[in-house]
Amino acid sequence: MENQLPVRKNEKYILDIVDQGHEGQGVGKLNDFTVFVEGALTGEKVEVKVLKVTPSHAFGKLERVLRASPERNQPFCSVFARCGGCHLQHMSYPAQLEFKTRRVREAVRRIGGLEGVQIKDAIEMDSPLNYRNKAQYPVGLQGGQAVIGFYAGRTHEIISGSGCAVQHQTGLKLAEIIRDFIKEKGIPPYDEKTGKGIIRHIVTRIGFATGESMAVIIGNAAKLPHEAALVEYVRQRMPEITGIVYNINRKNTNVIMGDKNIVLFGRGYITDRIGELKFKISPNSFFQVNPVQTQVLYEKILEYAQLSGDEVVFDLYCGTGSISLYTASKAGKVLGIENVEAAVRDAKENAELNGAVNAEFICGDAEKVVPEMYAEGILADVVIVDPPRKGCDRRLLETIGEMKPERIVYVSCNPATLARDLGILNSMGYEVKEIQPVDMFPHTYHVECVVRLQKK
């Protein structure tokens, strides 16, 4: 089969890059055969070494740029080409925004089958660096020494480097202090292959508005060795730290955190703010990783919800209730539904913390709870959905359509499943009035969207 194709594995070819794939790869063509090339940009002529061939397409490694795009950028990270954290550092920031907007437009037209939808340009971040308030650093051994870093793309190989420009620098400093202690005391990192060793990950969480900081050390042991010495070591070097937590995860799994947390110092949580709202963030809590753009996103949700103060709002897949609480002051009542019990506990605490007496939270699957509520005559005037990447369950969408709320606000991190679900909602009598992409994750191919749908 491979001999009949225009490319062969391990051979080099000159390609013109005609487009970008949905994960930011350059799309090259050779006799109408597609070759995906990491690091190549539209309009470039490149030399590529083919690494993998399938009957429909191939994957190639960028060897040389023979004609560069004017949008080509010098990556600011020395390990960008190997680290799997960022995807688009080689692309100028305006070009990144245009790429993300185009991703949404193509998905809505191609997957959703919708034409003529108003899709605005992605909202940029004023300063698209040091924006992440949470980092998860795997810990491993290299050359007999403990290292931290990030995984290389599609592997569990740890790429260690001196810093990360998209992480909050306080979190980076904190992780490096703990790494140095691990090295000094000879505490063995966890080995995925053998299941032996102790330290698996270091997770840092930073409150942008409050300045609070927390380190969570994930370990494969019932007790962390030298824990008292660790607390003293960290506090000497970062006296302002809010809390140090040991999280136990003894399972052979890719899930980073276990269920049990032991507070070694300070509080077992930090607090942060979005607008006027205060949130408690514990080690296992979900909280948006870019708090600056989160406020931009939430203001757009409020605008699209068009609340007058009397509406009943359903917030589906509500997580720790941040969207519910952001809209509660403008609504009559908000019902948040989430199937993660710990998240619902956090949501209830955050409601109490902010005095949101009109916000109620239910633990359960939205696709089961909402049909039950509808059968009991509990209806929503406005529905907000913020599902995981797989999108909404069809049964849930059908129930929303039968409920006939005036407006639906759909928040999504995946243009493909968003487009699919918008097509379904359109067939149920809802017109897609406007889509606003928001750049929550600069220098990656990810894009968040807020959509306003109106009952026809």
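Residues numbered from 1 in each chain as written. Predicted model: local features only at pLDDT ≥ 70, side-chain atom pairs only at ≥ 80, totals over all residues. Heavy atoms only, no water.

S.K.: Describe the sheet that holds strand S5 (residues 57-67), listing the residues and the values that go with them.
M.R.: Overall, mixed pairing links the 5 strands, which are arranged S1-S2-S3-S5-S4 in a closed barrel. Pairwise comparison of adjacent strand axes, ignoring direction, gives a mean angle of 50° for this sheet. Across 8 bridges, strand S4 (residues 45-53) lies against S5 in antiparallel orientation. The partner of Glu 47 across the bridge, within S5, is Arg 64. (Pairing = 2+ DSSP bridges. Helix = DSSP H or I, 4+ residues; strand = E, 2+ residues; numbered from the N terminus. Axes fitted to C-alpha atoms, helices over the stretch in contact; angles between N-to-C directions.)

S.K.: An account of the sheet that holds strand S16 (residues 312-316) is requested, with residue identities and associated values reported.
M.R.: Pairing is mixed in the open sheet, where 7 strands are placed in the order S18-S17-S16-S19-S20-S22-S21. Whereas interior strands pair on both sides, the edge strands pair on one side only; in this sheet they are strand S18 (359-363) and strand S21 (430-438). Between one strand axis and the next, the sheet turns through 15° on average, direction left out of account. Sheet topology note: the S16/strand S19 (residues 382-385) ladder contains 4 bridges and is parallel. The partner of Leu 316 across the bridge, within S19, is Val 385. Sheet contacts for helix H7 (residues 366-375): S16, strand S17 (333-338) and S18; angle to S17, the most-contacted strand, approximately 140°. (Contact = heavy atoms within 4.5 Å.)

S.K.: Which residues make up the packing of helix H1 (residues 93-110) against helix H9 (residues 415-427), and what values go with them?
M.R.: The N-to-C vectors of H1 and H9 enclose an angle of 35°; their axes lie 8 Å apart at closest approach. Handedness of the crossing formed by H1 with H9: right-handed. When H1 is examined against H9, the residues Arg 103, Val 104, Ala 107 and Val 108 are found in contact with a partner set consisting of Pro 415, Ala 416 and Ala 419. Tallied by class, residues from the contact of H1 with H9 come to 6 nonpolar, no polar and 1 charged. (Left-handed = near helix turned anticlockwise from the far one by under 90°. Nonpolar A, V, L, I, M, F, W, Y, C, P; charged D, E, K, R; others polar.)

S.K.: Residue-level account of the packing of helix H2 (residues 169-185) against helix H3 (residues 227-237), with values.
M.R.: Contact pair H2 / H3: the axes reach a minimum separation of 10 Å and the direction vectors enclose 140°. Our classification of the angle between H2 and H3 gives oblique. Considering only the axes of H2 and H3, their crossing is right-handed. Across the interface between the two elements, Lys 173, Leu 174, Ile 177, Ile 178, Asp 180, Phe 181, Glu 184 and Lys 185 of H2 pack against Ala 229, Leu 230, Tyr 233, Val 234 and Arg 237 of H3. Across the contact of H2 with H3, the residue classes break down as 8 nonpolar, no polar and 5 charged. (Parallel < 35°, antiparallel > 145°, perpendicular 65-115°, else oblique.)

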